[in-house]
Amino acid sequence: KPAPRWALLLGKYTGVLAFVLFQGAIFVGGTWLALGARTGIWDFAYLKSAPLLLLHFGIFFSVSLLLAVCTRSTVASVFGSIAFWLMCWGMNFGRHALVADVAAGSGAEFGQPLLGIVEFGYWFLPKPADLGILVRDALGAQDFYSQPAAFEFVQAHGQFHPVWSVAASLAFMLLIFWAAVRQFVATDY
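Described below are features of the structure shown in this document. The structure presented is a predicted model; accordingly, all values stated were derived computationally and were not measured. (Residues numbered from 1 in each chain as written. Predicted model: local features only at pLDDT ≥ 70, side-chain atom pairs only at ≥ 80, totals over all residues. Heavy atoms only, no water.)

1. Description of the overall build of the protein chain
If you tally the helices and strands in the protein chain, you get 7 helices and 0 strands. Tracing the protein chain from N to C terminus, the helices and strands come up as α-α-α-α-α-α-α. For the protein chain, the C-alpha atoms occupy an extent of roughly 60 × 55 × 25 Å along the three principal directions. Going through the 189 residues of the protein chain one by one, you find that 37% of them count as buried. Counting contacts in the protein chain only where the partners sit at least 6 residues apart, residues at least 24 apart contribute 73% of the total. With the model as given, the accessible surface of the protein chain reaches about 10,900 Å², and the carbon-plus-sulfur share is 72%. (Helix = DSSP H or I, 4+ residues; strand = E, 2+ residues; numbered from the N terminus. Buried < 20%, exposed > 50% of the residue type's maximum accessible area, 1.4 Å probe, protein only. Contact = heavy atoms within 4.5 Å. Areas by Shrake-Rupley, 256 points an atom, 1.4 Å probe, with all protein chains shown as cover.)

Here it is, written out as structure tokens:
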């Protein structure tokens, strides 16, 4: 008896995520071992970057999967997911910049009404910039390079919520994967 379509899509998705996790674990684990052996510093916080990178990939792979199921085009899937990543990063960065401007008083005339719309978009969409902040913090890289002032502001003033950012990104990933499954099951090939 053939497997149902949803099981095929779920198997493909989890298989790709397992492959990416394997590659990420080799890279992160290997560099952690190499750096630890060379420097004598065994920082276990570095190992947090592997699951964060997997989450980041999983979010945008689900978008790519939905585009592939809807369009049956590799080009649309690849470029659509890249464009979507850029849009999400822009929304993420723009939200942090707007929060910093409104708090500083420089964007007060248009900032407050716009902030509600931007907050909705920020919490609905995945947050690649926030995941980047989490990876930067996991790596302890704040001592070696700076980040945009807006990111520093939201972290310093309690406007950055890492657990909620990850949870909202995961919820979006599940929603998009569910939409891809529904489309794949309903499409007549």
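2. A closer look at the nonpolar core
Counting residues in hydrophobic clusters, the biggest one holds 35 residues, and the most contacted among them are L9, Y13, I59, L65, F84, F172 and F177. Other than its neighbours up to four places away in sequence, L65 contacts L9, Y13, F177 and A180. (Core = buried A, V, L, I, M, F, W, Y, C linked by side-chain atoms within 4.5 Å.)

3. Some details on the pattern of salt bridges
Enumeration according to the criterion identifies 2 salt bridges in this entry. A salt bridge links E119 to R95; its shortest N-O distance comes to 2.8 Å. Of this pair, E119 sits in helix α4 (residues 108-124) while R95 sits in helix α3 (residues 74-104), placing them 24 residues apart in sequence. Considered together, E119 and R95 belong to a single accessibility category, that of buried residues. A salt bridge links D137 to R136; its shortest N-O distance comes to 3.4 Å. (Salt bridge = Lys/Arg side-chain N within 4 Å of Asp/Glu carboxyl O.)

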